[in-house]
Amino acid sequence: MPDQRKRRQKVGLADMPEVVMKNILEKANFQSILKLRKVSRDLRNFIDDEKPEFHLEIIGIHMTSEQIKIFLKSSENKAPHIEYQKHEQGCQIVCSRRAKSKTYLLENEHFVEVFCREFEQVMSHQKTSVLLSFSLTAPKIPEEFKRVLMAKPTPIKTQIFSMTTKTHSQVMDVLPHMDPKYLKELCFYSSPTSPRLEKWIFDGIVESDQWKTAHMLEVVQFFVDVPLKNFHHFSAGNYFVNAVTAEELFELKENYLSSNPLKRVFIGYLDEEPLKDQELHALFGKPYFANPRQKVDRGRWYFRIAGTDKAVHFVLYFAKSLQFSLINLSEVPSNAELR
């Protein structure tokens, strides 16, 4: 009997039947799985072979020349912020959660390579789940990270892709590795140190499948110089372009009336040549002014969407900006013309 008790006490997770271990891993959250990998070599090998799903919802990465931070979140819990820091002896890793933190030092290791190895490991467990958001802040994309993205057998499944960087060329190092089938929103931001309202070349970006399938767009702190027709499929957006013409705005309005479901689109433009009132009035008709004595904008127009109780509301502001939005017919002022 004592010998039997000893044998039972020696039985561990690694001794469990394979089907039992698979069930355990299916129910475990990603933090528990990562901890189990550190228990023993056998468990690590089993987990690496099975690659149980992590079910992550948010991945956020912030890169500089001295460190890389990553933030992971699932629906169940929030992982600590992990920092991979450049250290004179190698790579220093700092795991922070609330007011507590742990620090590890990997000697003779480069912080970018350590991060890339661990990021690759994390993504190998994100097989079928779709992220709510994948965000990346990096003035310059490290070559090691590019290789990880290139080697990934399937693109990253995410609904929102957000990127902050210095130049447009960096965007195309990452954007093609997002799965266009799941993308709903694109957000591009210029680094805080970049000149404000700098011109970015978007020719390659607007030709990508990721651009064509997304429905929402945010472009902040820089402007793009591509025809407005490239933005027709976005139902919601906030972006700056170099210039707009009355004809382009008319085509955009017609697009919202006929095919694309509109929510709200705000457009800023930089061209010093102002939109001429006579051109606008010829295409849109005479504008409505909420307060004729004190004009707060250059005019408002309302267009009924056939077969619905909705209307497209177009506002042209003085400060080189305009807005298209979807409103209820009941919101149209009684003295405004509904076209």
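Positions within a chain are numbered from 1, following the residues in the order the chain's sequence is written. Per-residue local features of the predicted model are confined to residues with pLDDT of at least 70, and side-chain atom pairs are confined, for both listing and counting, to 80 or more; whole-chain, interface and lining totals are unaffected and use all residues. As a convention, hydrogens and water are excluded, and side-chain values are obtained from all of the structure's heavy atoms.

- The name an unreviewed UniProt entry assigns to the chain is F-box domain-containing protein, from the organism Caenorhabditis latens.

Some details on the packing of aromatic side chains
In step 1: Stacked, tilted and edge-to-face are the three classes assigned to paired rings of Phe, Tyr and Trp, where Trp is represented by its six-membered ring and a pair needs centres within 6.5 Å; plane angles under 30 degrees give stacked, over 60 edge-to-face, the rest tilted. Scanning all chains against the criterion turns up 23 aromatic pairs.
In step 2: Ring geometry for Phe115 and Phe119: centres 5.7 Å apart, planes at 20°, overall stacked. Pair noted here: Phe115 and Phe119 are both in helix α5 (residues 111-124), with a separation of 4 residues, about one helical turn. For the pair Phe115 and Phe119, one class covers both residues: buried.
In step 3: On the basis of an interplanar angle of 75° and a centroid distance of 6.0 Å, the ring pair of Phe250 and Phe284 is categorised as edge-to-face. Of this pair, Phe250 sits in helix α10 (residues 246-258) while Phe284 is found in helix α11 (residues 277-284), placing the two residues 34 residues apart along the sequence. Strands are runs of DSSP state E lasting at least two residues, helices are runs of H or I lasting at least four, and both sets are numbered from the N terminus onward. Burial here depends on accessible area, computed with a 1.4 Å probe over protein chains only, as a share of the maximum for the residue type. Under 20% is buried, over 50% is exposed, and the range in between is partly exposed.

Looking at the pattern of salt bridges
In step 1: Definition used for salt bridges: Asp or Glu carboxyl oxygen within 4 Å of a side-chain nitrogen of Lys or Arg. All told, the structure shown has 9 salt bridges when counted by the stated rule.
In step 2: In this structure, Asp173 and Lys146 form a salt bridge, with 3.4 Å as the shortest nitrogen-oxygen distance. Of the two residues, Asp173 sits in the loop between α7 (168-171) and β8 (185-190) while Lys146 sits in helix α6 (residues 143-151), which places them 27 residues apart along the sequence.
In step 3: The salt bridge partner of Asp277 is Arg298, with a shortest N-O separation of 2.8 Å. Here Asp277 is found in helix α11, whereas its partner Arg298 is found in the loop between α11 and β14 (299-304), with 21 residues between them in sequence.
In step 4: Classification of Asp277 as partly exposed rests on a relative accessible area of 37%.
In step 5: Arg298 sits in the buried class, given a relative accessible area of 15%.
In step 6: Salt bridges sharing common partners tie together Glu143, Lys146 and Asp173.

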